[in-house]
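Overview (structure and organization)
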Amino acid sequence: MRMLTIERAIVDQIVAHARADHPDEACGVVAGAAGSDRPTRFIAMANAERSPTFYRFDSMEQFKVWREMDDRDEEPVVIYHSHTATEAYPSRTDISYASEPNAHYVLVSTRADDEAEFRSYRIVDGEVDEEEVRVVESYEPDSVD
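Rules behind the numbers
- Each chain has its residues counted from 1, following the order in which its sequence is written.
- At least 70 in pLDDT is required for a residue's local features to be given in this predicted model, at least 80 for side-chain atom pairs to be given and counted, and no such filter applies to totals for whole chains, interfaces and linings, which use all residues.
- Remark: hydrogens and water are excluded; side-chain values derive from all non-hydrogen atoms of the structure.
- Only DSSP runs of H or I covering at least 4 residues are called helices, and only runs of E covering at least 2 are called strands; the numbering of each starts at the N terminus.
- Contacts are assigned to residue pairs that have any heavy atoms within 4.5 Å of one another.
- We define a salt bridge as a contact between a side-chain nitrogen of Lys or Arg and a carboxyl oxygen of Asp or Glu at a distance within 4 Å.
- The classification of residues rests on relative accessible area computed with a 1.4 Å probe and restricted to protein chains. Under 20% of the type maximum is buried, over 50% is exposed, and intermediate values are partly exposed.

The protein chain has the name M67 family metallopeptidase in an unreviewed UniProt entry, where Actinoallomurus liliacearum is given as its organism.

Here is the structure:
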């Protein structure tokens, strides 16, 4: 089973963005070095729909962010958005829009005022698999053989 390992500071940034945009859905990405599966650079993006039930990246902003990641030899390790009134589980629309087979799709539910539900999924070819989330204070240095 695959797992998302993510730093507490990044989780806090994702949750803060979700709370700040509530009652609309928030969205963004966390970039990391290509092939590393390590999310390191938080990028909050605008929800072009400004909707409490749907999100969409602005196409020009997405183009710029993806080009910047490419220039930095990064990829979208995490693609996140929030659900404002439902559980943190991908909707049919979320599943149909999932186009990055190597990404972790993180959903945060802000339906409760006192807690945020934070869950991660792999979505490939319409199949949704929830994965464990391991929150760490900081990433361990890569071991040297």
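After that view, the rundown keeps rolling.
The next point concerns the environment of P39. Residue position: P39 is located in the loop between β2 (27-33) and β3 (41-45). Sequence separation between P39 and E100 is 61 residues, and the spatial gap between their C-alpha atoms is 14 Å. The contacts of P39, once residues within four sequence positions are left out, are L4, T5, I6, I10, V30, A31, V77, V78 and Y139.

The full count for this structure, using the stated rule, is 12 salt bridges. Taking the shortest distance from any N to any O, the salt bridge between R41 and E68 comes out at 2.8 Å. Of the two residues, R41 is situated in strand β3 and E68 in helix α2 (residues 59-71); the sequence distance between them amounts to 27 residues. Linking R119 and E87 is a salt bridge whose minimum nitrogen-to-oxygen distance equals 3.1 Å. Here R119 is found in strand β6 (residues 117-124), whereas its partner E87 is found in the loop between β4 (74-83) and α3 (92-97), with 32 residues between them in sequence. Among the residues examined, R119 registers a relative accessible area of 17% and is labelled buried. By relative accessible area, E87 is classed as partly exposed at 37%. Among the ionic contacts, a cluster of salt bridges with common partners joins E87, R111, E117, R119 and E130.

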